[in-house]
Amino acid sequence: QYVKQLEAGGVETFLSMGGWNYNCYPYLYMRYSVGGYGTSTPNYWKIQEFGGGSLSGCTKGNQYCYVCEPPSQHTSLDKSFSIFPEPSHSASWKAAKEYVE
C-alpha cells in the first residue's frame, strides 16, 4: 500500500537491506565478508582477537566475533540486528518474513 502511494507520487522505490545494525547478519558477515577473503581484510583483527584467529572460534557467545558491533555496545543477537522498520500490520511483510524464515 505505502510503496504504491510513493510510486503513484512519482517516487522511485527500492527495498534496502542495510544500515549499521539493522540487517547486519553477524554470522554471514563474519563468514563471507570479514573472514571470507583471508587475514588481510580490515576487520579480520576481530576474528584474531575474539575467535583465536579462527572462523570457527567466532560463535554465538561472542556474537560471531563482534563484526557488527563491538562488545562495548552491549548489543544482543536477538534484538539488535533486525529489519527496520518492522511493519507488523502489513500482510505482505508477514508473508515475506514467513518465506525467509
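In this text, all values refer to a predicted model and were calculated from it rather than measured experimentally.

What follows concerns the overall build of the chain. A tally of regular secondary structure across the chain gives five helices and zero strands. Listing each helix as α and each strand as β along the chain from the N terminus yields α-α-α-α-α. Relative to its 101 residues, the chain shows a buried fraction of 26%. Within the chain, counting contacts between residues at least 6 apart in sequence, those at least 24 apart form 37% of the total. A total of about 7400 Å² of accessible surface is found on the chain, and carbon and sulfur atoms cover 56% of it.

Before going further, it helps to examine helix H2 (residues 26-34). Within H2, burial applies to Pro26, Met30 and Val34. Take H2 and look down its axis: the buried residues cluster within an arc of 45 degrees, on one side only. Buried positions along H2 lie against helix H3 (44-51) and helix H4 (63-66).

This brings us to the nonpolar core. Listed in full, the 11 residues of the largest apolar core are Cys24, Met30, Val34, Tyr44, Ile47, Leu55, Cys58, Cys65, Val67, Cys68 and Phe81. Of all the elements in the fold, those that place two or more residues in this core are H2 and H3.

Averaged over all residues, the pLDDT of the chain equals 83, while 84% of them reach at least 70. Per-element mean pLDDT across the chain ranges from 78 in helix H5 (residues 91-100) up to 97 in H3.

Glancing now at the side chain of glutamine 63. For glutamine 63, the location among the structural elements is in helix H4. The exposure class assigned to glutamine 63 is buried, which follows from its relative accessible area of 11%. Not counting residues up to four positions away in its chain, the partners in contact with glutamine 63 are Pro26, Thr75, Ser76, Leu77 and Phe81.

Each value, and the rule that gives it
Residues numbered from 1 in each chain as written. Predicted model: local features only at pLDDT ≥ 70, side-chain atom pairs only at ≥ 80, totals over all residues. Heavy atoms only, no water. Helix = DSSP H or I, 4+ residues; strand = E, 2+ residues; numbered from the N terminus. Buried < 20%, exposed > 50% of the residue type's maximum accessible area, 1.4 Å probe, protein only. Contact = heavy atoms within 4.5 Å. Areas by Shrake-Rupley, 256 points an atom, 1.4 Å probe, with all protein chains shown as cover. Arc of directions from axis to C-beta. Core = buried A, V, L, I, M, F, W, Y, C linked by side-chain atoms within 4.5 Å. pLDDT = per-residue confidence, 0-100.

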